[in-house]
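Tertiary structure, described
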Amino acid sequence: MSRIIEVANLRKQFGRFTAVDDLSFSVTEGVCFGLLGPNGAGKTTTIEMLEGLVKPSRGEIKLFGEPANKKNRQRIGIQFQNTSLQDYLRVGETLRLFASFYAAPASIEDIIELCNLDDILGKDVRMLSGGQRQRLLLALALVNDPDLIFLDEPTTGLDPQARRNFWHLIDAIKQRGKTIVLTTHYMEEAQMLCDDVAIMDTGKFIARGKPEVLLAEHFKGMVIELPKQNLNGRNLTEPYAENGDKVEIYCEQVESSLSRLMQQQVPLTGMQVKQANLEDLFLKLTGHGLRG
Ligand SMILES: Nc1ncnc2c1ncn2[C@@H]1O[C@H](COP(=O)(O)OP(=O)(O)OP(=O)(O)O)[C@@H](O)[C@H]1O
């Protein structure tokens, strides 16, 4: 499989502040690559440099095997966090307007079907629900039949059902062999959709790889989650991290960890035992939770 994106020593400074700090990575064809991290980690700045919207302070970007340029950027589609749509236009008219910007647009009918827009084609874009608007923005990102698609926090603000519906759409796009770069701070979303992830914090990658491989590398067993107040000042013998009003205890064997907790007379009310996910990995690597 060829490398669709290759980045070497990419950096972005805003004045003296380093938003993206010397990233080097590549993304293979047909992969859904997730850039994950909390607010301010540098995800948007990174993809905006790849998209050509922000000039890097340093570093090299290759797209489709060549230095990024106007021509190979025509092969990308972008769904921005916020896109202004033309008031008073309907969904169908908006799609046709965007398609008219390109010499060889994709089939509009195909995109309507893929993005499930049939029922809302006649709807004024100002009247769309959050989920409908995101579906339209995704359709607009596909209108030039791109080989590489950037989705910047596509499901932020959507309710859980709309988010799940959107995941199905992204899956359908993946089935067509397109390469996707997605930013998100929903680790569950990344785990569902991404074949390859980079977890970002303060402008750097702190982990990179397939979600299941990263989790297997960093967690040998299960995670016990307890309300922090249950510890009541006790120091645990198990390795653990604090996450807001909870603590996460990393255990290789649940039974022996539970009996040690009971020996220490830690109350187990409100306890949950769970499989570690990417959110737990972020906490383990940084010592702080994703949502501060
Ligand atoms: N034009 C700018 N001028 C100064 N600082 C900026 C500018 N753009 C971004 N930053 C800063 O760079 C850092 C990274 O921002 P960025 O938007 O890339 O993060 P992010 O991970 O995408 O966060 P979010 O999830 O909130 O979108 C932040 O601290 C942000 O305030």
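Residues numbered from 1 in each chain as written. Predicted model: local features only at pLDDT ≥ 70, side-chain atom pairs only at ≥ 80, totals over all residues.

Right, let's talk about the overall build of the chain for a bit. When its secondary structure is counted, the chain shows ten helices and 14 strands. By principal-axis analysis of the C-alpha atoms, the chain measures approximately 70 × 45 × 40 Å. Within the chain, the fraction of its 292 residues that count as buried is 35%. Contacts spanning at least 24 positions in sequence make up 68% of the contacts within the chain whose residues lie at least 6 apart. (Helix = DSSP H or I, 4+ residues; strand = E, 2+ residues; numbered from the N terminus. Buried ≥ 20, exposed ≤ 12 C-beta atoms within 10 Å, placed from the backbone. Contact = placed C-beta atoms within 7 Å.)

Let's shift gears to helix α6 (residues 160-175). Its 16 residues give α6 an end-to-end C-alpha distance of 23 Å, which sits within 8% of 22 Å, the value for a rise of 1.5 Å per residue. Considered for burial, the residues of α6 that qualify are R163, F166, I170 and I173. Buried positions in α6, seen along its axis, are confined to an arc of 70 degrees and lie on one side of it. Seen from the open side of α6, the exposed residues pointing more than 90 degrees away from its buried face are Q161, H168, D171 and Q175. (Expected span 1.5 Å × (residues − 1). Arc of directions from axis to C-beta.)

Here the focus is the domain arrangement of the chain. Parsing the chain into structural domains produces domain 1 (3-209) and domain 2 (220-275). Summarising the inter-unit geometry, the C-alpha centres of domain 1 and domain 2 are found 38 Å apart. (Domains from an automatic or database assignment.)

Moving on to the packing of helix α5 (residues 130-142) against α6. Each pair of packed helices gets described by two things: the angle between the helix axes and the distance between those axes. Where α5 contacts α6, the two axes come as close as 10 Å, and the packing angle between them is 20 degrees. What the angle tells us is that α5 and α6 run roughly parallel. As α5 packs across α6, the resulting crossing turns out to be right-handed. Contacts between α5 and α6 involve G130, G131, Q134, R135 and L138 on the former and, on the latter, A162, N165, F166 and L169. (Axes fitted to C-alpha atoms, helices over the stretch in contact; angles between N-to-C directions. Parallel < 35°, antiparallel > 145°, perpendicular 65-115°, else oblique. Left-handed = near helix turned anticlockwise from the far one by under 90°.)

Per the UniProt entry, the sites bearing "domain: ABC transporter" (unreviewed entry) are residues 5-227 in this numbering. Each end of residues 5-227 is marked by a C-alpha atom, and these two atoms are 43 Å apart; helix forms 33% of the span and strand 30%. (UniProt positions renumbered as here; feature names shortened; annotations may be inferred.)

Moving on: the site of the ligand. Taken together, F14, F17, A19, G37, N39, G40, A41, G42, K43, T44, T45 and H185 make up the full set of residues near the ligand. Taken together, the elements giving at least two residues each to the shell around the ligand come down to β2 (17-28) and α1 (43-51). Among the elements that line the shell around the ligand, the one with the most residues is α1, at three residues. The residue inventory of the shell around the ligand, partitioned by class, reads four nonpolar, seven polar and one charged. (Near = placed C-beta within 6 Å. Nonpolar A, V, L, I, M, F, W, Y, C, P; charged D, E, K, R; others polar.)

Now for the sheet that holds strand β5 (residues 66-67). Remark on secondary structure: sheet strands pair via backbone hydrogen bonds, oriented parallel or antiparallel. If you trace the four strands from one edge of the open sheet to the other, you get β2-β1-β4-β5, paired in antiparallel fashion. Each of the sheet's edge strands pairs with one partner strand only, and the pair in question is β2 and β5. When strand β1 (residues 3-14) meets strand β4 (residues 58-63), the two strands line up antiparallel, connected through five bridges. Note on β4: the bridge partner recorded for I5 is L63. (Pairing = 2+ DSSP bridges.)

Moving on, we come to the nonpolar core. Counting 69 residues, the largest nonpolar core has L36, A139, I180, V181 and I199 as the members making the most contacts within it. Sort the elements by how many residues they give to this core and α5 lands first, with seven residues. Looking at which domains feed residues into this core, each of domain 1 (3-209) and domain 2 (220-275) supplies at least three. Once residues lying within four places of it in the same chain are set aside, the contact partners of I180 are C32, F33, I149, L151, I170, I173 and K174. (Core = buried A, V, L, I, M, F, W, Y, C linked by C-beta atoms within 7 Å.)

Take L261: it is sitting in helix α9 (residues 254-263). Classification of L261 by C-beta neighbours within 10 Å gives buried; the count is 23. For the pair L261 and R176, spaced 85 residues apart in the sequence, the C-alpha separation amounts to 50 Å.

Right, let's talk about the sheet that holds strand β6 (residues 76-79) for a bit. Strand order across the open sheet formed by six strands is β6-β7-β8-β3-β9-β10, with mixed pairing between neighbours. Of all strands in the sheet, those with a lone pairing partner are β6 and β10 (204-209), marking the two edges. On average, each strand axis in the sheet is inclined to that of its neighbour by 15 degrees, with strand direction left out of account. Relative to β10, strand β9 (residues 196-201) runs antiparallel, the two being bridged by five bridges. Along β10, the bridge assignment pairs M200 with F205.

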